[in-house]
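# Tertiary structure, described
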Amino acid sequence: MSVIPLVFTSGWASGINAYAVVLLLGLFGATGVSDEVPAALQRTDVLIVAGVLFLCEAVADKIPYVDSVWDTAHTVIRPVAGAVVAALLAGESGSLPELAAGAIGGSTALMSHLVKAGTRMAVNTSPEPFSNVGMSIAEDLGVAGIITFAIFNPLAAAVIAAVLLVLGIVTVFFLASRIRRFLRRRAQRREEKRLAGTGGHWPPG
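## Quick look at the nonpolar core
- Grouped together as the largest cluster of nonpolar side chains are 39 residues, with contacts concentrated most on V3, W12, A13, L25, V143 and I147.
- Listing elements by their share of this core, those giving two or more residues are helix 1 (4-30), helix 3 (44-60), helix 5 (77-93), helix 6 (98-123), helix 7 (130-152), helix 8 (154-174) and helix 9 (176-198).
- Among the elements that take part in this core, helix 1 stands out by supplying 13 residues, more than any other.
- Among all residues touching V143, those that are not within four sequence positions of it are A13, I16, N17, A20, V21 and L24.

## Structural notes on unusual backbone geometry
- Despite not being glycine, Y65 shows a phi value in the positive range, around 70°.
- With respect to the secondary-structure elements, Y65 resides in the loop between helix 3 and helix 4 (66-73).
- The exposure class of Y65 is partly exposed, given its relative accessible area of 28%.

## Some details on the packing of aromatic side chains
- What the rule picks out here adds up to one aromatic pair.
- Geometrically, the ring pair formed by F173 and F174 is edge-to-face, given 5.6 Å between the ring centres and 80° between the ring planes. F174 matches F173 in its accessibility class, with the two residues each being exposed.

## Some words on the environment of T125
- Along the chain, the position of T125 falls in the loop between helix 6 and helix 7.
- For T125, the residues in contact, after removing those within four places along its chain, are R178, R181, F182 and R185.

## So, the packing of helix 6 against helix 8
- Two numbers describe how helix 6 lies on helix 8: the axes approach to 9 Å, and their chain directions differ by 40°. Between helix 6 and helix 8, the crossing angle belongs to the class labelled oblique. Helix 8 is crossed by helix 6, and the crossing has left-handed handedness. Contacts between helix 6 and helix 8 involve T108, M111, S112, V115 and T119 on the former and, on the latter, L165, G168, I169 and V172.
- Here the residues of the contact of helix 6 with helix 8 sort into five nonpolar, four polar and no charged.

## Some points on the pattern of salt bridges
- This model, assessed by the stated rule, comprises 10 salt bridges.
- Here R120 ties to D61 by a salt bridge, and the two come within 3.0 Å at their closest N and O atoms. Taken together, the residues span a long stretch of sequence, with R120 in helix 6 and D61 in the loop between helix 3 and helix 4 at a distance of 59 residues. Of the two residues examined, R120 and D61, each falls in the buried class.
- Its salt-bridge partner being K116, residue E139 comes within 3.6 Å of it at the nearest N-O pair. A residue pair is termed long-range when its members are at least 10 positions apart, and E139 in helix 7 and K116 in helix 6 qualify at 23 residues.
- Here E139 falls in the buried class, since its relative accessible area comes to 12%.
- Residue K116 is classed as buried on the basis of its relative accessible area of 4%.

Calculation rules
- Residues numbered from 1 in each chain as written.
- Predicted model: local features only at pLDDT ≥ 70, side-chain atom pairs only at ≥ 80, totals over all residues.
- Heavy atoms only, no water.
- Core = buried A, V, L, I, M, F, W, Y, C linked by side-chain atoms within 4.5 Å.
- Buried < 20%, exposed > 50% of the residue type's maximum accessible area, 1.4 Å probe, protein only.
- Helix = DSSP H or I, 4+ residues; strand = E, 2+ residues; numbered from the N terminus.
- Contact = heavy atoms within 4.5 Å.
- Phe/Tyr/Trp six-rings, centres within 6.5 Å; stacked < 30°, edge-to-face > 60°.
- Axes fitted to C-alpha atoms, helices over the stretch in contact; angles between N-to-C directions.
- Parallel < 35°, antiparallel > 145°, perpendicular 65-115°, else oblique.
- Left-handed = near helix turned anticlockwise from the far one by under 90°.
- Nonpolar A, V, L, I, M, F, W, Y, C, P; charged D, E, K, R; others polar.
- Salt bridge = Lys/Arg side-chain N within 4 Å of Asp/Glu carboxyl O.

Put into structure tokens, the structure is as follows:
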């Protein structure tokens, strides 16, 4: 069977929580649940690092504004992780060139990452922290569920991931005004800090 569905699904999930994807796939491979997981993801050191970083993300992802800073820092990390995982999966199966798999996984991870980051910006326009916690828990459970499902039914999981990606893009489109509001507030806070640090004052209105 072609590894493309698993590559696509892992890419989508990596754009949301790359560390959870590496950890879950590694555990599934190490425990013998799946034979499709490459040995590189099953290594003890990889599992430990992925587990620690997953815990860090689980905390940072639930704190308003900190989650957006974390997302910004992971704009490169998540797509790269998605590409690497996809290439490793392709190399294990031999049914898809590793370069093509990396392109699929990386681009899908980038799109889902941008959807997540944009949605979080919109959520952060709300003063209460519960929306962030709810979104983060839903994302964690979604990644865990879709990766687990993909191990047993990769084609169906890929269809679900594709639908979620499209819905996410549509959602970000409708939340565009809130995202712009968040970016304006962040720019204003940075300018206030800059002026406070230099002892300057706002120009007269």
